[in-house]
Amino acid sequence: MPQHDYVIDNAGGAAVRADLNAALLAIATANSGTAAPAALFPHMRYADTTAGVVRRRNAANSAWIDVESTDNDGYIFRASNIMLLRADRDKTIHATATFAQTFDAPATLGNGWWVRFIVPHTVAITVLGTLVRGPAEFTVHCDGGSMRFVPADRAPMVTSGSMDDLTQSGLRDVSDAVTGKPVANWSHVLIQTGHSDLWAAQWNLAYHTDLLHFRRAIHDATGRVWQPWVEVATYAPGRIIPSSATAGTAQAADRGRCIVATAGVTIPSGVYVDGDSLAVYNNSAASIAVMQGAGLTLRLAGTASTGNRALAQRGMATLWFRSPTEAIITGAGLT
Amino acid sequence: MKLGQVESIDVPPARIRAALLDDRGVFVRVDELESAEQLTQRHLPDVPECDLPPNEYIWIDGAFWPLEWAQRIGADHAAT
């Protein structure tokens with residue numbers, strides 16, 4: 001163990017020379033050993049052969065700082081998970097197959113530890129609970145207490161997978177934000193720019209039962225807050241306006257759909273917002289009513305009339321909402 | 001609590017950690033003090049953590065040095 005106390009003791013010529021040579025050897029080998037040197041100096045280097053890292057004393061000589069790995073390999077191809085340790089600091093991990101990467105505890109890795117990941121387009125790896133599909137390049141940094149993603153050059157990072165993947169990614173407010181909607185087995189894409197929990201912007205698109213949902217995160221003094229999911233479009237090839245089998249009172253899920261009715265339909269107040277629309281098709285040989293729900297003003301387009309409307313057999317009406325309490329209705333067979 | 005009402009929060013006073021030296025300037029321990037008023041001239045507020053063993057390192061020019069090494073250097077200076 002080439003370490004020395006850096007004190008040349010009083011002795012005869014040969015002993016002094018041996019002491020000097022031992023001191024020089026300790027300097028040349030960065031005080032390497034399985035344990036730290038006994039005598040510590042400001043800025044002293046120490047190659048920790050147990051942890052596989054070169055360490056340095058800070059300027060005050062009050063603490064060690066990990067500086068670099070003692071390994072030769074800085075660029076590593078990995079086809080499966082091998083836990084990343086202190087000695088892996090500053091390395092590049094090039095994934096060649098799909099696997100879930102694990103890390104040693106942040107307190108062990110220490111403040112300043114980081115690794116870079118390269119994920120080719122044919123590969124998807126799970127890092128910190130998030131599935132990252134290639135092509136992607138990012139780094140993972142440790143502050144001694146937690147780990148965080150940092151996209152390369154602040155480029156947008158896109159992650160995708162099932163909603164279960166997202167709920168495990170640390171974005172644990174997901175299920176709370178999906179008010180009234182199932183959260184399991186959604187397909188989603190998460191686009192985020194910026195840094196880890198300090199994302200400059202985040203958008204999330206999710207696809208579930210033929211409907212595309214959108215939400216974005218806002219950032220305030222309390223941190224990131226996901227806005228509620230908004231149903232933005234249907235996603236079913238060849239179907240621009242999907243049908244709905246709702247009977248009785250129209251539901252929030254009928255937004256953007258055509259209710260195929262054989263009996264009267266009530267349009268409720270306070271369910272839809274400005275810009276929402278839906279249609280009603282009378283799939284019967286008799287007239288049906290399109291009724292103005294309590295609190296709603298249902299205007300007949302092109303007239304001053306409000307209130308309940310009649311929809312003749314095979315007639316079709318479109319409703320557009322100006323506000324949660326006001327809708328305009330128009331269509332063929334509508335009186 | 002009404003909208004706009006600010007809830008009062010009892011914030012504990014910030015504690016100060018500082019390395020303590022003896023009258024020779026040798027490291028003794030790290031003290032945790034209630035306030036800055038309790039700092040003495042033998043405290044080093046810039047050194048809130050220290051992994052050195054007590055009574056073996058002396059503070060010279062902004063850093064800790066091994067006491068034995070410093071004494072030997074001093075003796076060598078005196079002899080030359």
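What counts, and at which threshold
Residues numbered from 1 in each chain as written. Chains lettered and ligands numbered in written order. Predicted model: local features only at pLDDT ≥ 70, side-chain atom pairs only at ≥ 80, totals over all residues. Heavy atoms only, no water. Pairing = 2+ DSSP bridges. Helix = DSSP H or I, 4+ residues; strand = E, 2+ residues; numbered from the N terminus. Axes fitted to C-alpha atoms, helices over the stretch in contact; angles between N-to-C directions. Phe/Tyr/Trp six-rings, centres within 6.5 Å; stacked < 30°, edge-to-face > 60°. Buried < 20%, exposed > 50% of the residue type's maximum accessible area, 1.4 Å probe, protein only. Contact = heavy atoms within 4.5 Å. Buried area = accessible area lost by both parts, 1.4 Å probe. Salt bridge = Lys/Arg side-chain N within 4 Å of Asp/Glu carboxyl O. Polar contact = N/O pair within 3.5 Å; in protein donor to acceptor, adjacent residues only side chain to side chain.

A. Structural context of the sheet that holds strand β2 (residues 53-57) of chain A. All names here are of chain A. With antiparallel pairing, three strands are arranged side by side in an open sheet as β1-β2-β3. Edge positions in the sheet fall to β1 (45-48) and β3 (64-69), since each of these pairs with one other strand and no more. Looking at each pair of strands side by side, their axes are set apart by 30° on average, direction ignored. Sheet topology places β2 next to β3; five bridges connect them, and they run antiparallel. Residue pairing across strands places V53 opposite S69, the latter belonging to β3.

B. Up close: the packing of aromatic side chains. Residue and element names in this part refer to chain A. Scanning all chains against the criterion turns up twelve aromatic pairs over all chains. Note on Y6 and F41: the rings are 5.6 Å apart at their centroids and 85° apart in plane angle, and the pair reads as edge-to-face. Of this pair, Y6 sits in the segment before α1 (13-28) while F41 sits in the loop between α1 and β1, placing them 35 residues apart in sequence. Its relative accessible area of 10% is what places F41 among the buried residues. Between Y46 and W64, the ring centres sit 5.3 Å apart and the planes meet at 55°, which makes this aromatic pair tilted. Remark: W64 occurs in strand β3 and Y46 occurs in strand β1; sequence separation between them is 18 residues.

C. The arrangement of the side chain of A:N61 in detail. The topology assignment puts A:N61 in the loop between β2 and β3. Overall, the relative accessible area of 0% leaves A:N61 in the buried class. Every residue in contact with A:N61, bar those within four places of it in the chain, is listed here: A:L40, A:F41, A:P42, B:L52, B:Y57, B:F64 and B:W65.

D. Fine view of the sheet that holds strand β2 (residues 27-33) of chain B. Residue and element names in this part refer to chain B. In spatial order, the strands read β2-β1-β3; together these three strands make up an open sheet with antiparallel pairing. In this open sheet, the two strands that pair with only one neighbour each are β2 and β3 (43-44). Note that strand β1 (residues 16-21) and β3 share two bridges and pair antiparallel. Residue pairing across strands places A19 opposite L44, the latter belonging to β3.

E. Structural view of the pairing of β1(B). Residue and element names in this part refer to chain B. The pairing of β1 with β2 spans six bridges and is classified as antiparallel. Along β2, the bridge assignment pairs L20 with R29. Turn length for the β1-β2 hairpin, with the two strands adjacent in sequence and antiparallel, is five residues, and the turn residue G25 shows positive phi of about 95°.

F. Focus on the interface of chain B and chain A. With 14 residues of chain B at the contact, the number on the chain A side is 18 residues. Between chain B and chain A, the buried area comes to about 1,100 Å², and carbon and sulfur atoms account for 54% of it. The three residues of chain B that bury the most area against chain A are B:D51, B:W69 and B:R72, which together make up 39% of that side's buried surface. For the pair chain B and chain A, the number of links is two salt bridges. A salt bridge links A:R57 to B:D51; the shortest N-O distance between them is 2.8 Å. Our count for the contact surface shared by chain B and chain A stands at eight residue pairs in polar contact (both at pLDDT 80 or more).

G. Just unusual backbone geometry, in detail. Positive phi, normally seen in glycine, also occurs at A:Y6, with a value near 60°. With phi around 50°, B:D61 is a residue other than glycine that occupies positive phi space. Within the element layout of this structure, B:D61 appears in the loop between β4 (57-60) and β5 (63-66).

H. The arrangement of the side chain of A:H94 in detail. All names here are of chain A. As for its position among the elements, H94 is in strand β5 (residues 92-95). A distance of 2.7 Å separates the side chain of H94 from the side chain of Y75, its partner in a polar contact. The residues contacting H94, other than those within four sequence positions of it, are Y75, I76, F77, R78, I118 and P120.

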